[in-house]
Amino acid sequence: MNINEKNIYISRRKSLAGIAGLSAFPFLEINAAAKPEPKYKRLVVVTLPYGTMAQYWTPDQVGPNYNCRYAEIYKDVKQDLSILTNLSHGNGIGHVNAARLLSGVGINERNKYENKNESVDQFLGRHIGSLSRYPSLTLGGGTYSWSKEGVKVPELVGSDKIYRQLFIPDSAEAIKAKTATLKEREMQLKVMENGAKSLSSILSSADNQKLQEYQASILTLKENIFRRKKWMNTTKKRPKDLELAQRPTGSELVENTLEMTYWALMQNLSRVVTVSVSGKTPVKEFGGSRNWHNNTHHGMLPDKIEFLRRIESMAIEKTVNLIKKLKATQDPEGSGTMLDNTMVLFASGMSSGNSHSCSNLPIMIAGGGLKHGNHITYGEKRNAADMLYTLVRNFGVEVDHFNKSNKVLDELV
Amino acid sequence: MSLHRNCPHCDKSYRLTEKHLNRKLTCKVCQEEMFFTDNKSTPSAKVSKKVKKVSPGSVTKNKNIKRSTPNSKSPQRKKPVKKSSSLVTTFPLLLLLAAGGAGTWGYLEYAKTKTTSTTSVTPIVATANIQNELPEEPIPTEPIAQVAEPVKEVLEKVEMQVEPEVFIETPKEMPEAKVVVKEEQPVPQEPIVYTPEVPIHKTIDQHCYQCHNKHKSKGNFNLDNMNFEELDLFTYGKLETMIESITYQEMPPEDEPQPSEEESKELITWLKKLESSNKSRISRMKPKTTMRRLNFMEFKNSIRDLFNIDPNLLTSLDDFPEDQYHGKYSNNGDALQMSSFLLGAYPKVAKEIVDTVYGVEKNKDLTPLIFNAPFVPKITIKNPIRKKYKITAEDVKLFGTAGWKKGEYQDFSNRSSFEIRQFSQSASLTSPNYSGGVPERGYYEITFTAMGKNRLPKGKVIKQKTYWNQEKPLSVQLYVGNKVVGEWDLLDDKLKEYKIQVYMDKRQGIAFRLPQGFASHWANYKNNPLKSVFGAPKPSKGKTVNINDWFNFYADNYPTLRLTNVKVEGPLVLEEDKLAHEALLGGKTFEKASSRTVTNDLMEKAFRGYANDKNKLYIASYAGTSRNFENTKHAIQGGVETILSSPWFLYMVEQADEKGFLTGLSLANRLSYFIWGSMPDEELLGLAKSGDLIKDSVLKAQVQRMIESEKSWGLVERLTDEWINLRILGEMPPSRSEYPEYFSLKVEKNSRLETMHFVEYLLKENLTVQNFIHSDFTFLNRDLAKFYGYPKPENFPNDLFVKTPILNKKRGGLMGHSSVLTASADGVMTNPVIRGLWVLRTLFGEDVPPPPESAEPIEVDLREAKTFRSQLELHSSVKNCKSCHQKFDHFGYALQSFDVVGQERNFFTIKGKKRRGNKVPIETHATFPNGKKVDDIVDMKSVLMKSSGDFTTGLTKQLLEIACGREMTVLDKAAISSITSRARGYKYRLADLVTLVATSPTFRSK
């Protein structure tokens, strides 16, 4: 075996991680090519693991003239975003329930739904298919992205890995080897299909149903190969203006990731990006204990609350920077600014780390051509799932429901 | 305390507090006057309270206790009871408290009411203890009939017309609460009335549906999920619960409108009829194990046995996609999901295995590489993505090269790891063209000579920090990649050579670290913990000390590691790898082997008895076609990739005969993955193929052989990680600064091993499972002995766990293991709920529904001198929460003797700036739901020891779940209790119990 071939293999392996490639409609791009205007908008999701502190997050009144401590941070783009309160996916508590932020479907009830607890980013990615290089990107470490199989999507973690994955072009040699590997994989998938057929003949009907998962996975891999082949000869580009912090601190890590998100959108590497601010983000710079999680059990102690305020402010600030940057850029594909065609959702699946409550989730939506500028509060009748369905519809996917919801939030549209 | 009373005139339900008693009130509905007294302390009521308690958490419901709660309200009590005397004679259990207007249910007195005449006398079915009152009566097995018979007579003509709108949310039960419940206003609420879309049963619709519907499914009991028209297994399973709770009058809760006895009886008859008429049909619906894919652990172990290699060395398994758990268990067929991520990951593992095996041939001809120190660190790195950062000369100091003596040795005083750049992984990662690290994957021997300087002087201990401890010498850590592969204590001022063989992936490098070194950020802050011992520099320029002063100062004065003669030699060809090579290729070389033969042979093993010409054909013809590949090695790799991705390998095929019992092959597989967590060996498959395995005696002998084998570590691991739930260790680690010992003594790792050795010992030595609750021994190594405060811990071996008697009774059994206590805390505080739930779920195999959606989570407030216990007690006493919390909170209270990492404590420190150091004594007293009071954990364990039967039932259920890979349902109850009662004959010994499980019909059926 020669050494180069092996190097390439490693990078190919890495290249699979984090890219949830499910292209349900691989041939749609033919239609899209004919149209000058892109079919779909974009979505960026920024999530926090342990919620935000309600006393700083929740605005004091509904409507446009609201105020709150965190509003200071986003005052420049207040007209471009909405704060939604009193929305949740039900009131359950704990990290397990927090994981349903982007799907609305709990892990324990996922078998009741057609697409299990598929999260909105994966759902949209599936509709984009091979229209962009990666159907969706899952960056950082979190528990919010779930595939339609009900499986947690592997993430790309670390500035280096993300940069290398997205922006460093492959050498001609590497492309050749990758193409060969893909061809080989295609052959193997056929062998595996035959294996499944031979197994199927001796199984009971219930077990055969289970085997369908295997067959469906083969299908997904085939679609992945189709997409990767299609993009194989399109060279990746290193963004000229992208500068990343070396040995990043927590805040720099978030900034790095959001910077790369911006360039990934600009280069149409993907139209859906989920950035999970990981619970393991280094937080030394915010003072206090080194462990973020320990501090979220703040027990109302003021120094811990101050620590949390700093870290939450940081995350909001970096997201607002992204919003500002999108607003200042012309959309290279369509009309208007990037922000006009990009929805930015900032949210957490948990509202309070101290009580582990998952009701009244912190939700901020910006851009995407939605109606903004208000603090909207909802009652019992609306659900955070409606918010997700609103994103789906506004993104440009014409479906009559997404998981649990079939209603859009009229206040936004 | 809130009381529920009804208006004597119109029967409107009110919730009252003490202040409403003994005074005139006006009914909001009929405008009549009402007067209530608290007559709660009448003897009859007291009896009812006392007996009412069931003992859910600790023991099963005491069936000796029979009670029927008084019929709280019949709206029209106009018809007096005809045969009140006959009631007493025919059924002395029922006490009739019916004197004029003296009260309808024992503790309610009507006085000064104009309408005494209309107030009918409702018979009070007070509770009593059968054992006291009716000693001659046998324990009722069909309690309903006995209760209901006389009741029917009594209540023949009493009509029940309960207005649904008076229903108020109430918990399952309302036993006496020690803690004051928040006072509630008597203003009647206007609750929403729920009615089912399809009527279920008159009484259910009236009395049950209100709280158990899709809007509010209390106790996770939702009538809308059930199908009474055509019973399914789920609904069938709930019937028993319903019958039980109505019979024992747990439901409806006592402060809710009660159905009349007649209605209860009718309902129970209806439910029983439903049960019996569906019994045969439902029993045919016996759940079967869904075809399972190998979970991560099973996949890993199978690879170990298939290829004869150590799977822990495979880097492709590091980021393997996660398994889906069903509750605690990772091998439930319904939960385990195949995914494209997994199908993409299997070939990578296959490739790595083939590469490793190939290394035996390839590395043999390589001259071992020898690199000698000193390594010149690379000063600049050309990095395309890191424009902001250039390494400067100062950074070199930061990395510890200060004091560099060229060609002789190198001193490190900094705590940051020093990567040897020639081997640095990070250097190779960030710049694609950089060829750092070792050139090939394989074993390397690393030799270095080192010593320590400036150790902490005697008598100085820096408590808050992990590594600075006068008792411990300085140490050096060796990193490969991000992992510490070795740590050695250093001699003071004396060089010594150290040697280790490590497995390194291609391009991986090595790094050394002095954990006691100076942390760079100290230079910027005032909180340098070592300043008082080692001093601080004087400013070289100006008035303030700058970072350079620190660099120069600490290099000479602070703890220092001196390193010289670093040598990396390899890759070595190991004997183990040769065995793996032999196993795959049968003595041939890659060049000479035939890929068709290799893959055919491998499939024979990998498909675990299910290989046949047909299913082998696809892969063999793919791998055997040379035009598909560059060379034979490549072809073999393609073959192994497809075999490890094949459904025949990945799924556990289970086939049954016409009676529903597993065939020999399927049984061999199920058994092997149960006890070994891995594939069956040749002996087992041979017996399966010959048909002997399905004979009881052969099966039993095999089970015993398998338990004795060292591979039964697989079951030990599963019991520890899943049953005891230690897999969550490390997810929420405690704070380093608060619990430095936890890290310096590696308690996380050691205490997990303690538990594993403990479980293994019980299994291999066949000791009673009561040891899990309390035992007089445990397994310790030196670090753990120190952590638990044993005298002379230095007498314990460091890398071996030895059986040691328990010194402190609190420590005996699982509940004294630091691993369990850490896993049942969240790293920050000890929550009695989590620990209590651990006891209930693990030791008794009981589960409680998650808190209802409407439950208000506790916002923990530690500002004032409040303990969490006081907050929790308040929460648990809320009616909605009580019925569940009383099942487990008491275990948690008793376990408060242990802190977050399982150290014993007597005080709870209240945190907060002003109150730092405030201490509150720990309260470990607890009350079981049956009223039994215990002082502490020792006391509690002695109570639990008495319920070994229940404990074994719980363990049996969970063993069956692990063994069969499915959830146990109501239909398995009989099987579980049959195993448990047989286990009693074996004095509840663990290996015997496992054998009983593995030979049981449940295990042997699909």
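Residues numbered from 1 in each chain as written. Chains lettered and ligands numbered in written order. Predicted model: local features only at pLDDT ≥ 70, side-chain atom pairs only at ≥ 80, totals over all residues. Heavy atoms only, no water.

Asks: Quick rundown of the overall build of chain B? Include the residues and the values.
Replies: When helices and strands are tallied, chain B shows 36 helices and 23 strands. Looking at the 1006 residues of chain B, the share that counts as buried comes to 58%. Long-range pairs, those at least 24 residues apart, make up 72% of the contacts in chain B between residues at least 6 apart in sequence. (Helix = DSSP H or I, 4+ residues; strand = E, 2+ residues; numbered from the N terminus. Buried < 20%, exposed > 50% of the residue type's maximum accessible area, 1.4 Å probe, protein only. Contact = heavy atoms within 4.5 Å.)

Asks: Tell me about the overall build of chain A, residues and numbers included.
Replies: When you go through chain A residue by residue, the secondary structure sums to twelve helices and seven strands. For a compact globule of 413 residues, the expected C-alpha radius of gyration is about 22 Å, and chain A comes in at 22 Å, within 12% of that figure. Considering only C-alpha atoms, chain A reaches an extent of 60 × 55 × 45 Å along its principal axes. Within chain A, the proportion of its 413 residues that are buried is 62%. Across chain A, every contact between residues at least 6 apart in sequence was considered, and the portion connecting residues at least 24 apart equals 73%. When the accessible surface of chain A is summed, it comes to about 15600 Å², and 51% of that surface belongs to carbon and sulfur atoms. Within chain A, one finds 55 positive and 41 negative side-chain charges whose respective centroids are separated by 5 Å. (Rg over C-alpha atoms; globule rule 2.2 N^0.38 Å. Areas by Shrake-Rupley, 256 points an atom, 1.4 Å probe, with all protein chains shown as cover. Lys, Arg positive; Asp, Glu negative; His and termini not counted. Charge placed at Lys NZ, Arg CZ, Asp CG, Glu CD.)

Asks: If you had to explain helix H20 (residues 682-690) of chain B to someone new, which residues and values would you point to?
Replies: All names here are of chain B. Within H20, burial applies to Leu 684, Leu 685, Leu 687 and Ala 688. On an axial view of H20, the arc spanned by its buried residues comes to 160 degrees, and they lie on one face. Exposed and facing more than 90 degrees away from the buried side of H20 are Glu 682 and Lys 689. Looking at the buried residues of H20, the elements they touch are helix H19 (664-675) and helix H21 (696-708). Downstream of H20 by a residue or two, Gly 691 has a phi angle that is positive, lying close to 90 degrees. (Arc of directions from axis to C-beta.)

Asks: Describe in detail the side chain of A:Ser352, supporting the description with residues and values.
Replies: Summarising the element assignment, A:Ser352 is placed in the loop between strand E5 (342-348) and strand E6 (363-367). At a separation of 3.2 Å, a polar atom in the side chain of A:Ser352 contacts the main-chain amide nitrogen of A:Ser355. Beyond its immediate chain neighbours, meaning those up to four positions away, A:Ser352 contacts A:Tyr50, A:Ser357 and B:Glu859. (Polar contact = N/O pair within 3.5 Å; in protein donor to acceptor, adjacent residues only side chain to side chain.)

Asks: I'd like a description of the confidence of the model for chain B, backed by residues and values.
Replies: Atom-level detail of predicted coordinates should not be read off regions where pLDDT is low. Here chain B shows a mean pLDDT of 74. Residues at 70 or above account for 69%. Note that pLDDT drops below 50 for residues 421-435 of chain B; the model gives that stretch 43 contacts with residues more than four away or on any other chain. (pLDDT = per-residue confidence, 0-100.)

Asks: Got a sec to walk through the packing of helix H24 (residues 747-764) of chain B against helix H35 (residues 990-999) of chain B? Specific residues and values, please.
Replies: All names here are of chain B. Relative to each other, H24 and H35 sit at 75 degrees, their axes nearing to 6 Å. In terms of axis orientation, H24 runs roughly perpendicular to H35. Where H24 abuts H35, its residues Val 759, Leu 762 and Leu 763 lie against Leu 990, Ala 991 and Val 994. Of the residues contributing to the contact of H24 with H35, the split by class is six nonpolar, no polar and no charged. (Axes fitted to C-alpha atoms, helices over the stretch in contact; angles between N-to-C directions. Parallel < 35°, antiparallel > 145°, perpendicular 65-115°, else oblique. Nonpolar A, V, L, I, M, F, W, Y, C, P; charged D, E, K, R; others polar.)

Asks: Give me the packing of aromatic side chains: which residues, what numbers.
Replies: All names here are of chain B. With the rule as written, the count across this model stands at 36 aromatic pairs over all chains. Ring geometry for Trp 723 versus Phe 772: centroids 4.9 Å apart, planes at 75 degrees, classification edge-to-face. With Trp 723 in helix H22 (residues 713-723) and Phe 772 in helix H25 (residues 770-773), the pair connects residues that are 49 residues apart, well separated along the chain. The buried category is assigned to Phe 772, whose relative accessible area is 1%. Aromatic rings pair up to connect Trp 723, Phe 758, Tyr 761, Phe 772, Phe 777, Phe 779 and Phe 951 into one cluster. (Phe/Tyr/Trp six-rings, centres within 6.5 Å; stacked < 30°, edge-to-face > 60°.)

Asks: Explain the environment of A:Gly250 to me, and be specific about the residues and the numbers.
Replies: Residue and element names in this part refer to chain A. With respect to the helices and strands, Gly 250 occurs in helix H9 (residues 250-266). In this structure, the C-alpha to C-alpha distance between Gly 250 and Lys 229, residues 21 residues apart in sequence, is 36 Å. When neighbours within four sequence positions are excluded, Gly 250 is seen to be in contact with Thr 281, Pro 282 and Glu 285.

Asks: So what about the nonpolar core? Which residues, and what values?
Replies: In this structure, A:Tyr214, B:Phe299, B:Phe307, B:Phe674, B:Phe772 and B:Met815 are the most contacted members of the largest nonpolar core, which totals 169 residues. With ten residues, the top contributor of residues to this core is helix H9 (residues 340-364) of chain B. Discounting residues that sit within four places of it in the chain, B:Met815 has contacts with B:Phe772, B:Ile773, B:Leu821, B:Trp838, B:Val839, B:Leu843, B:Leu895, B:Phe898, B:Ile937, B:Met940, B:Lys941 and B:Leu944. Formed by 57 residues, the second largest nonpolar core is a distinct cluster that contains A:Leu137, A:Tyr163, A:Leu244 and A:Val283. (Core = buried A, V, L, I, M, F, W, Y, C linked by side-chain atoms within 4.5 Å.)

Asks: Tell me about the pattern of salt bridges, and name the residues and values.
Replies: Residue and element names in this part refer to chain A. If you walk through the whole model with that rule in mind, you get 40 salt bridges over all chains. Across the pair Glu 398 and Arg 393 runs a salt bridge whose closest N-O atoms are separated by 3.1 Å. When its relative accessible area of 64% is taken as the criterion, Glu 398 is described as exposed. One network of salt bridges, with partners in common, ties together Arg 42, Arg 271, Asp 331 and Glu 333. (Salt bridge = Lys/Arg side-chain N within 4 Å of Asp/Glu carboxyl O.)

Asks: Tell me about the confidence of the model for chain A, and please be specific about residues and values.
Replies: Taken residue by residue, chain A gives an average pLDDT of 87. The fraction at 70 or more is 90%. The model gives residues 1-35 of chain A a pLDDT under 50, and that stretch makes 84 contacts with residues more than four places away or in other chains.

Asks: I'd love a proper account of the sheet that holds strand E4 (residues 272-276) of chain A, names of residues and values included.
Replies: Hydrogen bonds between backbone atoms are what pair the strands of a sheet, whose relative direction is either parallel or antiparallel. Residues and elements named next belong to chain A. Sheet architecture is open: seven strands sit in the order E3-E4-E1-E5-E6-E2-E7, paired in mixed fashion. Unpaired on one side and paired on the other, strand E3 (137-140) and strand E7 (375-377) mark the two borders of the sheet. Shown here is a sheet whose adjacent strand axes are inclined to one another by a mean of 15 degrees, direction ignored. Taken together, the five bridges between strand E1 (residues 42-48) and E4 define a ladder with parallel strand orientation. The residue of E4 that forms the bridge with Val 44 is Val 273. (Pairing = 2+ DSSP bridges.)

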